[in-house]
Amino acid sequence: MTFPLQKTEELGLDRPTFIWTINLSYRGDRGASAEPGDLTSVYGTIPGRWLPMAAASRGAGLAEERDGRWYLTDKGRGLAAAMHEAARAYYASLELLPKEELAELARVLDRAFFAAAKATEPATRMHTAFAFGYRGDEPPAGSFAQLDAAVYGLWQVRDDCHMAAWRASGRSGPEVEVLTRLWREEAADDAALEDLLTHQRPEDVSAALARLRKEGLVEADALKATATGASVRQKIEDETDRLFFTPWPDDVGAKSAWIAEKLIQVNTALA
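> Looking at this structure, how should I read the layout of surface pockets?
To find leftover empty space, one rolls a probe the size of a water molecule over the atoms. Reported here for the second largest pocket is a volume of approximately 180 Å³. Elements supplying a minimum of two residues to the lining of the second largest pocket: helix 7 (144-168) and helix 13 (256-270). Considering every element that reaches the lining of the second largest pocket, the biggest residue donor is helix 13, with four residues.

This is the structure in structure tokens:
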């Protein structure tokens, strides 16, 4: 975090604005718009939450708006490139796994990413493209930078798979997130649920709850999915998994237990 801390102080930015600017760099030359899933959360109901960050980034000379789309300026692209270089330099200093194990983990997950990114399903994608912007120039083979790019890429691919899965169910993003929170039994009461969904207006959360209860997906007197609701939500998860994992090469899938073990070791070491 040394580089971001230095740059936020130097540029007079807060952390959300810095992150917004760096994320905008992953959109590449196409820029970004207020389309849900791009600058606007596909799970949110509060319009324009990103506008203060965009305004601050523009005020610092890092971003500009043209014809309804947002792009980095030369200064913004320079900041993003410097952040990329600083991250790669930090990654090179890490020793989280034996070199041979790190190289194999990076290689197999990179293969999984490219296979999933090039698959014919889901037909509609938005976030997969961000993964290629994040990679920048190809990371060194067998490095932590390659592992990082692969994991980020798989995350973005899974986002697209998940959005395709719940859209096929005929539901909206905000409604699906309400159902998800209740399916996981994460909220004890209405206030706790609203605290989990700060990107939704309270009245929208209440309206989604009412719809889900009317359809018999949520208990009438508890914040808990019914058996039907759990089945509906599980089907979305199953379809997400189908879209996400089907393209993976068989030899990569065969190493799933080893991959999980090594990722746990990496996460433990980073913590």
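> Mind showing me how you'd approach the side chain of Asp148 here?
With respect to the helices and strands, Asp148 occurs in helix 7. The side chain of Asp148 is buried and forms no salt bridge, while Arg88, the nearest opposite charge, is found at 6.3 Å. For Asp148, the contacting residues outside a window of four places in its chain are Tyr91 and Tyr134.

> Can you walk me through the packing of helix 8 (residues 173-183) against helix 10 (residues 202-214) in this structure?
Relative to each other, helix 8 and helix 10 sit at 70 degrees, their axes nearing to 9 Å. Classed by the angle they form, the pair helix 8 and helix 10 counts as roughly perpendicular. Counted together, Glu175, Val178, Leu179 and Leu182 of helix 8 and Ala208, Leu209, Arg211 and Leu212 of helix 10 form the full contact between these two elements. Along the lines of polarity and charge, the residues of the contact of helix 8 with helix 10 split into six nonpolar, no polar and two charged.

> How should the pairing of strand 1 (residues 63-66) be read in this particular structure?
Relative to strand 2 (residues 69-72), strand 1 runs antiparallel, the two being bridged by four bridges. In the strand pairing of strand 2, Ala63 is matched with Leu72. Here strand 1 folds back onto strand 2, and the loop between the two strands holds two residues, one of which, Asp67, carries a positive phi near 55 degrees.

> Please clarify how unusual backbone geometry should be interpreted in this entry.
Excluding glycine, a negative phi dihedral is what most residues carry, and trans is how most peptide bonds are arranged. Here the residue pair Glu121 and Pro122 is connected by a cis peptide bond, since its omega of -5 degrees sits within 30 degrees of zero. Assignment of secondary structure puts Pro122 in the loop between helix 5 (99-117) and helix 6 (127-135). If you check the backbone angles, Asp67 has positive phi at about 55 degrees while not being a glycine. Note on placement: Asp67 falls in the loop between strand 1 and strand 2. According to the relative accessible area criterion, Asp67 is exposed, its value standing at 82%. Even without glycine at this site, Glu185 takes up a positive phi of about 55 degrees. With respect to the helices and strands, the residue Glu185 is situated in the loop between helix 8 and helix 9 (190-196).

> What's the story with the pattern of salt bridges in this structure? I'm lost.
Between side chains of opposite charge, a pair can form as their charged atoms come close. In the structure shown here, the tally under the stated rule is 25 salt bridges. Among the ionic pairs, Asp241 bridges to Arg158, the shortest N-O distance being 2.7 Å. Remark: Arg158 occurs in helix 7 and Asp241 occurs in helix 11 (residues 227-245); sequence separation between them is 83 residues. Given the relative accessible area of 22%, Arg158 is considered partly exposed. A salt bridge links Arg201 to Asp204; its shortest N-O distance comes to 2.6 Å.

> Sorry, what's going on with the nonpolar core here?
Among soluble globular proteins, nonpolar side chains are generally buried collectively. If you look at the biggest cluster of nonpolar residues, it comprises 50 residues, and the most contacted ones within it are Trp20, Trp70, Leu109, Phe144, Leu147 and Trp248. Taken together, the elements giving at least two residues each to this core come down to helix 2 (15-25), strand 2, helix 4 (74-92), helix 5, helix 6, helix 7, helix 11 and helix 13. It is helix 5 that contributes the most residues to this core, nine residues altogether. In this structure Trp20 touches Leu39, Trp50, Met53, Ala54, Ser57, Ala63 and Trp70, once residues within four positions along its chain are discounted. Judged by nonpolar contacts, the second largest core, of 14 residues, contains Leu182, Leu193, Val205 and Leu217.

Conventions used here
Residues numbered from 1 in each chain as written. Predicted model: local features only at pLDDT ≥ 70, side-chain atom pairs only at ≥ 80, totals over all residues. Heavy atoms only, no water. 1 Å grid on protein atoms, 1.4 Å probe; cavity = no way out; pocket = protein on both sides within 12 Å on 5 of 7 lines; lining within 4 Å. Points joined across faces, edges and corners; volume = space filled by probe spheres on them. Helix = DSSP H or I, 4+ residues; strand = E, 2+ residues; numbered from the N terminus. Buried < 20%, exposed > 50% of the residue type's maximum accessible area, 1.4 Å probe, protein only. Lys, Arg positive; Asp, Glu negative; His and termini not counted. Salt bridge = Lys/Arg side-chain N within 4 Å of Asp/Glu carboxyl O. Contact = heavy atoms within 4.5 Å. Axes fitted to C-alpha atoms, helices over the stretch in contact; angles between N-to-C directions. Parallel < 35°, antiparallel > 145°, perpendicular 65-115°, else oblique. Nonpolar A, V, L, I, M, F, W, Y, C, P; charged D, E, K, R; others polar. Pairing = 2+ DSSP bridges. Core = buried A, V, L, I, M, F, W, Y, C linked by side-chain atoms within 4.5 Å.

In short, the description is geometric, and any link to function would need to be established separately.
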